[in-house]
Amino acid sequence: MTVRQCDVAIIGAGTSGMGAYRAARAHSDSVLLIEDGPYGTTCARVGCMPSKLLIAAAGAAHGAREAGGFGIDVDGVTVDGPAVLRRVRSERDRFVGFVLDAIEGFPEADRIRARARFEAPGVLALSDGSRIEAGRVVIATGSTPQRPGALGALDAARVDTNDTIFEWPDLPESVAVFGTGVIGLELGQALHRLGVRTRIFGRSRRIAGISDPEVADCARGVLERELDLALGSELLAITDEGDRFRVRWRADDGEHEDTFARVLAATGRPPNLDGLGLEAAGIAVDGRGIPLHDAHTGQCGDQPVFIAGDVNGDKALLHEAADEGRIAGDNAGRWPDVRPHARRTPLAVVFCEPQVASLGMSFVGMCESGIRFAVGQVDFTGQGRSRVIRENAGVLRVYGEHDSGRLLGAEMIGPRAEHLGHLLAWAVQSRMTVQEAIAMPFYHPVIEEGLRTALRDLAHALAQGPAPVAGCSVYGPGD
């Protein structure tokens, strides 16, 4: 049996694994990167990038159909499904190519193509029959699409996920989407706008991960005007009829039945932990089987084992995975001199339309923590620039702390929420007060004026200013 020794072994070569490798190499030349799946990262291959390419095509089709609202007639909008998917794959492959170039830039001797499992603390058995003895180990094995239990009776090969739909040769006639989180909403709405008859099923009435009940109510109302949402539904049966799937479900108004050409499971991506042999690693796990770890060091307990990325069950987002990889790799490389790293303000965006964004502390998190906070909001229905571009739907709710007046977070559904979310996340991370944020420049007419209205409403709720003038977005910063 071949035995290799190294200072740091990293299991997984995705976003977090690559970040961990680079950070660990700053401390040691004895670093091994182990991967048994395709290179290219989840984001580039099957996540962020191909989904946004599909959404962009859907937005173009939707914009053409909605042009009549501006007095512009676009006659005969058609969608060429094979052409749409060819572009998605072509551009996706370009993004993946950049990642492959980066991986191939690592020394070949440092890259191992095999599956790894713990045989003992610091000892990894590989699927090629060899073994690695590592001073420290970083777990960065990512996540895998989840198939909800209700679909368990179906042949797994017949259930689509975000790992498979971008390989479709053409758009199907219809799709049943299971899941109302990020993946379900983004892909479900994109398919709908591309002309696919789509119904999106959710066991609860939660949507897009929104915790603020008023934002959630608004989101349901806005999205239900366009999408066929079966929220709070119970799946009674689903059968594979060869060229169709027959779905029977119960909702508030009784039982329903329909058939669909495809079934898309979009209920999340749980951590890849099966087969890792964590019981032999000498580390403690939580009730989900995820290693207990410190978010600021990446360390699992007091062992020389670190964890990063989707596999830690925290926030399955690329920028978080990149940060966590860097933190885990740095501390694995400098072990035993483990150092805590500052974490960025949480920021998440759902690229449905209108977009959903959340940042900083969540509404539910603040309520549970007992923090004394106030809320300011703006309804985009009458917001000037939003009406100009016919994207006037949604609500923004901003949270501020009593006494200090410091901004704590926000949740929203609205036009260009990805940009408002960034502005507010930067303000929260900079520990700005509401008054300091209001003092920032706001051009006219822009959607950001809606943010100013919400901030002024928050200042009023904190007893730090007058109520904003209803329906007016042009009065000066000192008013």
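See the structure printed just above.
Treat the numbers as computed from the prediction; the structure is a model and nothing was measured.

Analysis parameters
Residues numbered from 1 in each chain as written. Predicted model: local features only at pLDDT ≥ 70, side-chain atom pairs only at ≥ 80, totals over all residues. Heavy atoms only, no water. Pairing = 2+ DSSP bridges. Helix = DSSP H or I, 4+ residues; strand = E, 2+ residues; numbered from the N terminus. Buried < 20%, exposed > 50% of the residue type's maximum accessible area, 1.4 Å probe, protein only. Polar contact = N/O pair within 3.5 Å; in protein donor to acceptor, adjacent residues only side chain to side chain. Contact = heavy atoms within 4.5 Å. Axes fitted to C-alpha atoms, helices over the stretch in contact; angles between N-to-C directions. Salt bridge = Lys/Arg side-chain N within 4 Å of Asp/Glu carboxyl O. Patch = residues over 30% accessible without salt bridge, like charges linked within 9 Å, V, L, I, M, F, W, Y side chains within 5 Å. Areas by Shrake-Rupley, 256 points an atom, 1.4 Å probe, with all protein chains shown as cover.

J.: Is there a simple way to explain the pairing of strand 6 (residues 131-139) in this structure?
T.: Relative to strand 6, strand 1 (residues 3-11) runs parallel, the two sharing eight bridges. What sits directly across from Q5, in strand 6, is E133. Sheet topology places strand 5 (residues 123-126) next to strand 6; three bridges connect them, and they run antiparallel. Along strand 6, the bridge assignment pairs V123 with E133. Relative to strand 14 (residues 305-307), strand 6 runs parallel, the two being bridged by three bridges. Among the inter-strand pairings, V137 is bridged to a residue of strand 14, identified as V305.

J.: Quick question: what am I supposed to make of the side chain of E186 here?
T.: Assignment of secondary structure puts E186 in helix 5 (residues 182-193). On the accessibility criterion, E186 (6% relative accessible area) is buried. Side-chain polar atoms of E186 contact the backbone nitrogen of F351, separated by 2.7 Å. Setting aside residues up to four positions removed in sequence, E186 forms contacts with S51, K52, I55, V349, V350, F351 and C352.

J.: I would appreciate a short explanation of the sheet that holds strand 18 (residues 395-401) in the present structure.
T.: In sheet architecture, strand pairing relies on hydrogen bonds along the backbone and comes in two forms, parallel and antiparallel. An order of 15-16-19-18-17 is seen for the five strands of this open sheet, with the pairing classed as antiparallel. The sheet is open, and its two borders are formed by strand 15 (347-350) and strand 17 (373-379), each paired with just one other strand. Ignoring which end each strand starts from, the neighbouring axes of this sheet average 10° apart. The sheet contact formed by strand 17 and strand 18 spans seven bridges and is antiparallel.

J.: I keep staring at the pattern of salt bridges and nothing clicks. Help me out?
T.: Two side chains of opposite charge can pair, provided their charged atoms sit close to one another. Considering all chains together, one arrives at 35 salt bridges under this definition. Here E66 and R390 are joined by a salt bridge, their closest N and O atoms 3.9 Å apart. One end of the pair, E66, is in helix 3 (residues 48-66); the other, R390, is in the loop between helix 9 (384-388) and strand 18, with 324 residues separating them in the sequence. Using a relative accessible area of 36% as the deciding quantity, one classes E66 as partly exposed. A relative accessible area of 39% means that R390 is categorised as partly exposed. Ionic pairing is found between D258 and R197, a salt bridge with its closest N-O pair at 3.1 Å.

J.: Looking at this structure, how should I read a nonpolar patch on the surface?
T.: Taken together, F70, I72 and V74 make up a surface patch of nonpolar side chains, about 280 Å² in accessible area. Its relative accessible area of 48% is what places I72 among the partly exposed residues.

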